[in-house]
Amino acid sequence: MRALQLILKTSLATIAAITISNAAANTAAGEGSIPQLDFNEQTHLVFTCEEEKLARDVYRVLGRRFPEIGSFAVMAENKENSNCAVDELLQKYRVSVPRVNHNVGVFSWGIYGRYFTEKYLVLTNQGTSNPLNALYVGAFIEELNIQDINHCPKVLVDINNGINDDSACGMKYTDNPDVLAVYEDLLDESRKHLRLLVGDIENVIGSGNYQAQVLQQDEVDAILSPRQVAQP
């Protein structure tokens, strides 16, 4: 854990240094009109991009295992588009974070590889056992996405990188309109996915019986409310 903390702190410091260096060069060339993201914003966007890939990869595996659940293929495509949207935002703000492999189940984007690889293995193992478990895994992913977009993910707070509480990054932290717009789109997508998945789950376990896995129950209930479901 200590080695991972050191790698994380060093790597993110390098990212920030590259970004600042690029900004200085662009300013000198008359191209410095784009405001820069701070360390916490950069860190959270990098994490979010990889978490969207995690969701995409798990959905692809579950879709192949249970082709009768057609929503997995649709959600995997949605997550691919979301991943690209975050990636494009990182490029716009000149956050230099290379990804060397887009293959399913491969997470080699620097310091986050180990964390996401472990998540991928656990979720695919649970989800491929039967169709109901697959739906629960999908719902877990969407609840986790909603939590991790709004707040700093626990893994970022637990590692010694200067981000010390769950309000220090994420939607609750940034005031950048570009970042907020992307986050809101991601949240809207995750809410729609959660409603779809819980609908399928409750077709099996009974209406109103779904129990929140990550979020507070009242937050999940609000997302699942008839008023929310009626929205396009």
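Residues numbered from 1 in each chain as written. Predicted model: local features only at pLDDT ≥ 70, side-chain atom pairs only at ≥ 80, totals over all residues. Heavy atoms only, no water.

**Student:** Is there a simple way to think about the pattern of salt bridges in this case?
**Tutor:** Two side chains with opposite charge may pair up if their charged atoms get near one another. In this structure the tally under the stated criterion is 10 salt bridges. A salt bridge links Glu142 to Lys79, with the nearest nitrogen and oxygen atoms 3.2 Å apart. Highlighted residues: Glu142 in helix α5 (residues 131-150) and Lys79 in helix α3 (residues 71-92), separated in sequence by 63 residues. Taking relative accessible area as the criterion, Glu142 reaches 0% and is therefore assigned buried. Overall, the relative accessible area of 0% leaves Lys79 in the buried class. (Salt bridge = Lys/Arg side-chain N within 4 Å of Asp/Glu carboxyl O. Helix = DSSP H or I, 4+ residues; strand = E, 2+ residues; numbered from the N terminus. Buried < 20%, exposed > 50% of the residue type's maximum accessible area, 1.4 Å probe, protein only.)

**Student:** Sorry, what's going on with the packing of aromatic side chains here?
**Tutor:** Geometry of an aromatic ring pair is reported as the spacing of the ring centres plus the angle between the planes. With the rule as written, the count across this model stands at 7 aromatic pairs. Within the aromatic cluster, the residues linked to one another by ring pairs are Phe47, Phe107, Tyr115, Phe116 and Tyr120. In this arrangement the basic side chain of Lys53 is found over the ring face of Phe107, its NZ or CZ atom lying 4.2 Å from the centre. (Phe/Tyr/Trp six-rings, centres within 6.5 Å; stacked < 30°, edge-to-face > 60°. Lys NZ or Arg CZ within 6 Å of the ring centre and 35° of its normal.)

**Student:** Would you mind going over the nonpolar core with me for this structure?
**Tutor:** Core analysis: the largest hydrophobic core is formed by 57 residues, its most contacted members being Leu45, Val58, Tyr59 and Phe72. When contributions to this core are tallied by element, the ones reaching two or more residues are α2 (39-65), α3, α4 (113-127), α5, α6 (154-158), α7 (177-205) and α8 (217-224). Look past the residues within four positions of Val58 in its chain and what remains in contact with it is Tyr120, Leu123, Thr124, Val137 and Ile141. (Core = buried A, V, L, I, M, F, W, Y, C linked by side-chain atoms within 4.5 Å. Contact = heavy atoms within 4.5 Å.)

**Student:** Is there a simple way to explain the packing of α5 against α7 in this structure?
**Tutor:** How two helices sit against one another is set out by the angle between their axes and by the gap between those axes. Viewed as axis vectors pointing N to C, α5 and α7 meet at an angle of 155 degrees, and their least axial separation amounts to 9 Å. The angle between α5 and α7 falls in the class roughly antiparallel. In this structure, α5 meets α7 at a crossing whose hand is left-handed. On the side of α5, the interface is formed by Leu132, Leu135, Tyr136, Gly138, Ala139, Glu142, Glu143, Asn145, Ile146, Ile149 and Asn150, while α7 contributes Tyr183, Leu186, Leu187, Ser190, Arg191, His193, Leu194, Leu197, Asp200, Ile201, Val204 and Ile205. (Axes fitted to C-alpha atoms, helices over the stretch in contact; angles between N-to-C directions. Parallel < 35°, antiparallel > 145°, perpendicular 65-115°, else oblique. Left-handed = near helix turned anticlockwise from the far one by under 90°.)

**Student:** Teacher, can you tell me more about the environment of Phe39 here?
**Tutor:** Take Phe39: it is sitting in helix α2. Sequence-wise, Phe39 and Ile163 are 124 residues apart; in three dimensions their C-alpha atoms are separated by 9.3 Å.

**Student:** Explanation requested: the confidence of the model for the protein chain in the structure shown.
**Tutor:** Interpretation of this model should avoid reading the predicted coordinates in detail wherever pLDDT is low. Put simply, the protein chain has an average pLDDT of 84, and 80% of its residues get 70 or more. Mean pLDDT per element in the protein chain: helix α1 (residues 2-28) is the minimum at 42, and α5 is the maximum at 98. Within the model, the stretch residues 1-31 combines pLDDT values under 50 with 41 contacts to residues more than four positions away or in other chains. (pLDDT = per-residue confidence, 0-100.)

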